[in-house]
Number of protein chains: 2
Amino acid sequence: MHHKRSIATVCLSGSLPDKLEAAAAAGFEAVEIFENDLLTFEGSAREARRLCADLGLEIAIFQPFRDFEAMPEPQRARNLDRAERKFDTMQALGAELLLVCSNVQAAALPEPARAAADLREMAERAGRRGLRIGYEALAWGTHTNRWRQAWDIVQQADHPALGLILDSFHTLCLGDDLAGLAQAVPAEKLFFVQFADAPRLTLDPLSWSRHFRSFPGQGELPVAGFLRDILAAGYCGPLSLEVFNDEFRAAPSRRIARDGLRSLIWLEEQVGNAALPAMPKLSGIEFVEFAVDHAARAELGAMLGTMGFRHAGTHRSKDVELWRNGGANLVLNAEPDSAASERFQQLGPSVCAMAFRVDDPARLVARAEALLCPVWRERTGEGERRIPALRAPDGTLIYLVENPEGGARRIWEDDFHLEEAEATGSGGLLGMDHAAQALAPGMMDSFVLFYRALFGLEPDTPWELPDPYGLVRSRAFASGDGSLRLPLNVSESTRTGTGRFVSAFAGAGVHHIAFATPDAEATVAAAAARGAPLLDIPSNYYEDLGARFGLEDAELNALARQHLLYDRDAQGGTFRHAYTRAFRDRFFFEIVERAGGYAGFGAANAAVRMAAQRRLPRGD
Amino acid sequence: MHHKRSIATVCLSGSLPDKLEAAAAAGFEAVEIFENDLLTFEGSAREARRLCADLGLEIAIFQPFRDFEAMPEPQRARNLDRAERKFDTMQALGAELLLVCSNVQAAALPEPARAAADLREMAERAGRRGLRIGYEALAWGTHTNRWRQAWDIVQQADHPALGLILDSFHTLCLGDDLAGLAQAVPAEKLFFVQFADAPRLTLDPLSWSRHFRSFPGQGELPVAGFLRDILAAGYCGPLSLEVFNDEFRAAPSRRIARDGLRSLIWLEEQVGNAALPAMPKLSGIEFVEFAVDHAARAELGAMLGTMGFRHAGTHRSKDVELWRNGGANLVLNAEPDSAASERFQQLGPSVCAMAFRVDDPARLVARAEALLCPVWRERTGEGERRIPALRAPDGTLIYLVENPEGGARRIWEDDFHLEEAEATGSGGLLGMDHAAQALAPGMMDSFVLFYRALFGLEPDTPWELPDPYGLVRSRAFASGDGSLRLPLNVSESTRTGTGRFVSAFAGAGVHHIAFATPDAEATVAAAAARGAPLLDIPSNYYEDLGARFGLEDAELNALARQHLLYDRDAQGGTFRHAYTRAFRDRFFFEIVERAGGYAGFGAANAAVRMAAQRRLPRGD
């Protein structure tokens, strides 16, 4: 069955009209009016009602009414007066349901019977006006903090205008669940359900709730299981998002509203309640594309040459070159009047696109459309392939190409004149190992949802990397088979490498591309011989490495000679890797060798890399 | 006795040389070398040693050595090898003491005797090289997390090269203290002591420690009591700061180093171990000074005129006017080639100074100098008074004038030609109620320490104020008698009013000045009659007010008529206040009436105010 999709105005930034317009533009059908948004609104409640009606938004609920039940007199009588005033507002607003959350006052009496009597009286008064009351257990309620307690009180009050409201955060943050809901609570008594996810933090529930809630799929709570239990109980009201998040409050309301609706669609898919085109099968990065002009291309080509890349082909109709080393393809796009040139004008030489190999690009495009992700198509020359593409939340293009292992012709064969010797590829690289993106602060949750909902990628454990000028938070996405690895980096500090990159670009993008090799020592030695600008690593690093891993001096010396960093995981998997200096302070390359199933990115070495990068003058 | 003052390099941003230079410039005598800072340093350990020597810094300790004790074989043998390698490094570095923190590995054996045997072996090896080992209980150590456990192990190990290290955070974050220290631990076994404060958070100790430590006086832990117990135990080593703080990592190292040393001096004063000129007695704000040009002064004067201010005097030698309403004085400074004109050139019309009334300005200047706060003196005309001033951490000048209630002549009597009628003041305002400052992100801790250490002001509970475009965090300082009230506002979001103000000013400053009146209704009515640009408050606000406080309609109507907001505290104290629109989007005024001991700032109304301000076009 169709559940209306709803969002609480508190999730979004701006004035009440801004919030409502953003919700309607994303495609929500209903809203929760958060009281604070009404009382800071300059128009009347009646005008707010008209605004919603004009936007096609139903007002699903008015919220919250706090600290009502089980108060001693004279507060009890005053609270009933307060409720009558709010009923006036609701009637002007055209909101039929009021959310009453459990009392958090120390003065609240520990008497469920009193709570039930008070709520019954409130419901009686509401019912006379055609209004209804939903009672919700806050995780930090003084006496009522579990849904079963709230249900006991609702049951005891036994009034048709009184029902139960559930909120995934309040239940899941306590480690509680909805076991027994379907047996205990008749569907018609489930008046409303709110959804929020959150990262797992060891914070008190109040602070956790007020600052770190996120949309389903952005956090770590089992929200899908919660929805499953809600549906099993026969609930047929709206699915509504209620999120308090410091970053969402400061972000553009349209992006956040779209993320919100995407999260609900994805959540319904998780429980089989929404049929979307299936998740793609991913098999790596086919190419990374750079926006350049001729001067930058010559310079970048020279740098790539030192790393064993060769100019392997030229586009049939565009000013675009293919550079290749074994399985690693780089596209250098200097075509005027293209998306690449637009980016070059704005940002200088930079990564403008990545191409992911997928089993069925058309199906993924359909999935993206169902999930409200912008799809993009570049103009093509005659007889050339049209490569479908998506826009990531930061505007980076993600091309979708068919996995060549399935027998599909590669884009190079159709759209490029390939150098004879390059038709099958040569050189020592296996392909792309990973491409890391620097995100503007506040963008991590949008990316997490994008990669998770569209591609089925799961975020790895977050890392905190100490740049000499502040922390960089890193989170990597990887496909199950390890063919696609996408670390995301974000820094609150504008003085870190990541922060400076984002400030310089007034946005974000790929700033770090790693190539896989079966033999890092040989690959790096060859690169060094060709004059590759490898990043110098301090000798103190190798002394510490010796102490940490007990490596023999011969091995340490070999690593040091090739500027190679080293890591080893608990299972003995190893990682040898070297970095280049940055190209015009914009992006840098890495050569990595994985062995024994090592799945990380050498996070322990990031501090050394970042300090070494900061020692270089800008532009070096 | 004199304790060397020391700081861990991890407290500061930048490369190892940056950190050392900042520590030396602030006046530290010693440093803790944090291992990561050495291994990212491009020079050798010997070069780091020379760098410290050239800067006059002793290397008090090398840290940390992790996960050493009570490991099963073969890890135990490997750890001893690792220690030998680190001893090599220490000898090159010239560091004599190694900090070993308690093991956090799950594999660590729950056997204090094994831990003692391992540490004894380590100490024996260290001792052979003339090195020493200090053992410290981490709050999240697998088996050792209290100092008494660490001491039991050290005692059991019984080796002259092994002693105890204490850290205020690790002890205090667990609610533990040093009771019994002096009785249990001989002074010569207290090898080293580290200090950190922190806000009280309900986070796990590890996350709390890694991100939210701060310098003594910036947080809420009883660090002074900790120091008292340390001194009582006869400790005579360095007092060393070890702080992990996300904001400090991203901040300029010289500011943070200076804050650090200031915090140690203040901390020693708390326990009677440092004699500083006594805390001032504060009695309010004598004036607020604006940097203007003639056009801005005319415009601001016109606005002030609607609020009942009159041009009351003119400076004898400078292009400076005094505007006055009762006890509230504003100085409009258009003098060319002054600190004010410099600020005006940079920032346009803005608050450039405040003057605090104190019992003894000279004593406070001496105190400021002892606490490393920059003192500032403006040039003066012949026969004019030289007003001593301090620079707040954001550069705002704070003049110090003698409290006129003590009989001192006021600055106006000496330096200004006063209008005849104004000599004694007229008009209805009582004076300044508060002046709020917008801080750049990352500046709160610097300000907390500045107000606390210099002036003895205590920070109030933090508030979170919901601007329509993000949260604003607010913390107020007030003198005990309420004569001086200084709220500080900071916002991570650049889209909030506070964030926009800070971005526009590329800095920070006073953006909100509140005047006290005995009768808000009359004062505001008179201002309205004179055409004051009062901020419109939505009618929904008054409906909610009625519901919340049960006010009668007549009172609500009276409030609404005068654009007055209202708050009431739990003791029945009330607050009536109204705002003006902002002057050129820079600063705004407030008129406030306190009754019944109300001590807050109407935080519950801040959201309404901020939403109303954002509805106005910029510049209105």
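Rules used throughout
- Residues numbered from 1 in each chain as written.
- Chains lettered and ligands numbered in written order.
- Predicted model: local features only at pLDDT ≥ 70, side-chain atom pairs only at ≥ 80, totals over all residues.
- Heavy atoms only, no water.
- Buried < 20%, exposed > 50% of the residue type's maximum accessible area, 1.4 Å probe, protein only.
- Helix = DSSP H or I, 4+ residues; strand = E, 2+ residues; numbered from the N terminus.
- Arc of directions from axis to C-beta.
- Contact = heavy atoms within 4.5 Å.
- Least-squares fit on C-alpha atoms with pLDDT ≥ 70 in both.
- Pairing = 2+ DSSP bridges.
- Axes fitted to C-alpha atoms, helices over the stretch in contact; angles between N-to-C directions.
- Salt bridge = Lys/Arg side-chain N within 4 Å of Asp/Glu carboxyl O.
- Core = buried A, V, L, I, M, F, W, Y, C linked by side-chain atoms within 4.5 Å.
- UniProt positions renumbered as here; feature names shortened; annotations may be inferred.
- Phe/Tyr/Trp six-rings, centres within 6.5 Å; stacked < 30°, edge-to-face > 60°.
- Lys NZ or Arg CZ within 6 Å of the ring centre and 35° of its normal.
- Domains from an automatic or database assignment.
- Buried area = accessible area lost by both parts, 1.4 Å probe.
- Polar contact = N/O pair within 3.5 Å; in protein donor to acceptor, adjacent residues only side chain to side chain.
- Right-handed = clockwise from strand over helix to strand, strands pointing away.
- Parallel < 35°, antiparallel > 145°, perpendicular 65-115°, else oblique.
- Left-handed = near helix turned anticlockwise from the far one by under 90°.
- Patch = residues over 30% accessible without salt bridge, like charges linked within 9 Å, V, L, I, M, F, W, Y side chains within 5 Å.
- Areas by Shrake-Rupley, 256 points an atom, 1.4 Å probe, with all protein chains shown as cover.
- Lys, Arg positive; Asp, Glu negative; His and termini not counted.
- Charge placed at Lys NZ, Arg CZ, Asp CG, Glu CD.
- pLDDT = per-residue confidence, 0-100.

Student: So, helix α3 (residues 45–54) of chain A: which residues are in play, and what are the values?
Tutor: Listed in full, the buried residues belonging to α3(A) are Ala45(A), Ala48(A) and Cys52(A). In a view along the axis of α3(A), the buried residues occupy a sector of 55°, so they form one face of it. With respect to the buried face of α3(A), the exposed residues turned more than 90 degrees away are Arg46(A), Ala53(A) and Asp54(A). Against the buried residues of α3(A) lie α1 (16–26), β2 (30–34), α2 (35–39), β3 (58–65) and α4 (75–93) of chain A together with α20 (539–549) of chain B. Backbone geometry just after α3(A) places Gly56(A) at a positive phi near 75°.

Student: Which residues make up the relation of the copies chain A and chain B, and what are the values?
Tutor: Between chain A and chain B, which share one sequence, the superposing operator has a rotation angle of 180° and an axial displacement of 0.0 Å; the RMSD is 0.0 Å. Taken together, the rotation and translation describe the operation of a two-fold axis. By C-alpha distance to the rotation axis, the residue of chain A lying nearest is Leu203(A), at 2.4 Å. Taken as a fraction of all interface residues of chain A, those also at the interface in chain B reach 100%, which identifies the copy contact as same-surface.

Student: Just give me the short version of the sheet that holds strand β13 (residues 350–358) of chain B, but keep the residues and values in it.
Tutor: Residue and element names in this part refer to chain B. Taking strand neighbours across the sheet as the criterion, the 9 strands line up as β14-β15-β16-β13-β9-β12-β11-β10-β17 in an open arrangement whose pairing is mixed. In this open sheet, the two strands that pair with only one neighbour each are β14 (375–376) and β17 (416–418). The pairing of strand β10 (residues 310–315) with strand β11 (residues 320–325) spans 4 bridges and is antiparallel. When the bridges of β11 are listed, Gly-313 appears paired with Leu-322. Where helix α17 (residues 444–455) meets the sheet, its contacts fall on β9 (282–291), β13, β15 (389–391) and β16 (397–402), and the angle it forms with β16 comes to roughly 20°.

Student: Got a sec to walk through the pattern of salt bridges? Specific residues and values, please.
Tutor: Following the criterion strictly, the structure yields 80 salt bridges over all chains and no others. With its nearest N and O atoms 3.3 Å apart, the salt bridge here joins Glu84(A) to Arg125(A). Here Glu84(A), found in helix α4, pairs with Arg125(A), found in helix α5 (residues 112–128); they are 41 residues apart in sequence, far enough to count as distant. Note on Glu84(A): relative accessible area 21%, which makes it partly exposed. Linking Arg367(B) and Glu269(B) is a salt bridge whose minimum nitrogen-to-oxygen distance equals 2.7 Å. Of this pair, Arg367(B) sits in helix α15 (residues 361–370) while Glu269(B) is found in helix α12 (residues 253–270), placing the two residues 98 residues apart along the sequence. Assessed through its relative accessible area of 0%, Arg367(B) is described here as buried. The class for Glu269(B) is buried, based on a relative accessible area of 16%. Salt bridges here are not isolated pairs; linked through shared partners, they connect Glu84(A), Asp88(A), Glu121(A), Arg125(A) and Arg129(A).

Student: Quick rundown of the nonpolar core? Include the residues and the values.
Tutor: With 376 residues, the main nonpolar core has Tyr451(A), Phe455(A), Tyr451(B) and Phe455(B) as its most contacted residues. When residues no more than four places from it in sequence are discounted, the contact partners of Phe455(B) are Met279(B), Pro280(B), Leu282(B), Phe356(B), Leu364(B), Leu390(B), Ile398(B), Leu400(B) and Phe450(B).

Student: So what's going on with the UniProt feature "binding site: Mg(2+)" (unreviewed entry) in chain A? Residues and values would help.
Tutor: All names here are of chain A. UniProt feature "binding site: Mg(2+)" (unreviewed entry): in the numbering of this structure it lies at His-434, His-512 and Glu-590. Spatial clustering of the annotated residues is evident: they stretch over 157 residues in sequence, but the largest pairwise C-alpha distance comes to 9.2 Å. Locating Glu-590 in the fold gives a position in strand β26 (residues 588–595).

Student: Residue-level account of the packing of aromatic side chains, with values.
Tutor: Residue and element names in this part refer to chain B. Using the criterion set out here, one finds 50 aromatic pairs over all chains in the structure. Taking the ring centre of Phe-65 as reference, the NZ or CZ of Arg-82 above it sits at 4.3 Å. The cationic tip of Arg-594 hangs over the ring face of Phe-601; the distance from NZ or CZ to the ring centre is 5.5 Å.

Student: So what's going on with the domain arrangement of chain A? Which residues, and what values?
Tutor: Residue and element names in this part refer to chain A. As assigned here, chain A comprises domain 1 (5–270) and domain 2 (282–615). Facing 18 residues of domain 1, the contacting portion of domain 2 comprises 16 residues. Both faces combined, the contact of domain 1 with domain 2 buries some 1,600 Å², and carbon together with sulfur accounts for 51% of it. Considering only the side of domain 1, the residues that lose the most area to domain 2 are Gln-218, Arg-262 and Trp-266, jointly responsible for 38% of the buried surface there. Across the domain 1-domain 2 interface, the total number found is 1 salt bridge. Where domain 1 meets domain 2, there are 9 residue pairs in polar contact (both at pLDDT 80 or more). Looking at the side of domain 1 that touches domain 2, the elements that each hand over two or more residues are α11 (246–250) and α12 (253–270). Per element, the largest residue contribution to the side of domain 1 that touches domain 2 is 9 residues, and it comes from α12.

Student: Before we move on, can you summarise the interface of chain A and chain B with the specific residues and values?
Tutor: With 52 residues of chain A in contact, the opposing surface of chain B contributes 52 residues. Carbon and sulfur atoms supply 49% of the area that chain A and chain B bury against each other, a total of about 4,000 Å² over both sides. It is Leu39(A), Arg85(A) and Asn540(A) that lose the most area in chain A upon contact with chain B, and together they represent 15% of the buried surface on that side. For the pair chain A and chain B, the number of links is 8 salt bridges. Ionic pairing is found between Arg473(A) and Asp246(B), a salt bridge with its closest N-O pair at 2.9 Å.

Student: Which residues make up the pairing of strand β6 (residues 162–167) of chain B, and what values do they have?
Tutor: Residues and elements named next belong to chain B. Counting buried positions along β6 yields 6 of 6 residues, so the element is predominantly enclosed. The pairing of strand β5 (residues 132–136) with β6 spans 4 bridges and is classified as parallel. Its bridge partner being in β6, Gly-134 is matched across the sheet by Gly-163. Following the backbone out of β5, through helix α6 (residues 147–157) and into the adjacent parallel β6, one traces a crossover that is right-handed. In this structure, β6 lies alongside strand β7 (residues 190–195), joined through 4 bridges in parallel fashion. Bridge pairing in β7 places Leu-164 opposite Leu-190.

Student: Any chance you could break down the packing of helix α20 (residues 539–549) of chain A against helix α4 (residues 75–93) of chain B for me, citing the residues and the numbers?
Tutor: Axis separation between α20(A) and α4(B) bottoms out at 8 Å; the angle between their running directions is 160°. Judged on the interaxial angle alone, α4(B) and α20(A) are roughly antiparallel. Crossing handedness for the pair α20(A) and α4(B): left-handed. Facing α20(A), whose interface residues are Glu543(A), Asp544(A), Gly546(A), Ala547(A) and Arg548(A), α4(B) presents Arg82(B), Arg85(B), Lys86(B) and Thr89(B).

Student: How would you explain the side chain of Thr574(B) if you had to name every residue and give the values?
Tutor: Residue and element names in this part refer to chain B. Assignment of secondary structure puts Thr-574 in strand β25 (residues 574–579). Residue Thr-574 is classed as buried on the basis of its relative accessible area of 13%. With near-sequence residues (within four places) excluded, Thr-574 lies in contact with Tyr-566, Asp-567, Arg-568, Glu-593, Arg-594, Ala-595 and Tyr-598.

Student: Which residues make up a negative patch on the surface, and what are the values?
Tutor: On the surface, Glu247(A), Glu492(A), Glu247(B) and Glu492(B) cluster together to form a negatively charged patch. Relative to the assigned elements, Glu492(B) resides in the loop between β22 (485–490) and α18 (497–505). Owing to a relative accessible area of 51%, Glu492(B) belongs among the exposed residues under this scheme.

Student: Quick rundown of unusual backbone geometry? Include the residues and the values.
Tutor: Of note, the amide linkage connecting Gln63(B) to Pro64(B) takes the cis form, showing an omega dihedral of -15°. For Pro64(B), the location among the structural elements is in strand β3 (residues 58–65). In this chain, Glu73(B) is followed by Pro74(B) through a cis amide linkage whose omega measures 5°. Mapped onto the elements of the fold, Pro74(B) is located in the loop between β3 and α4. The residue Arg584(A) is not glycine, and still its phi comes out positive at about 45°. Of note, Arg584(A) is situated in the loop between β25 (574–579) and β26. Its relative accessible area of 33% is what places Arg584(A) among the partly exposed residues. A positive phi is found at Asp158(B), a non-glycine position, where the angle reads about 50°. For Asp158(B), the location among the structural elements is in the loop between α6 and β6.

Student: Now, about the confidence of the model for chain A: what can you tell me, with residues and values included?
Tutor: Residues with a pLDDT of 70 or more make up 97% of chain A, whose mean pLDDT is 94. The ipTM, which scores confidence in the relative placement of chains, is 0.92 for this predicted complex, and the corresponding pTM is 0.94.

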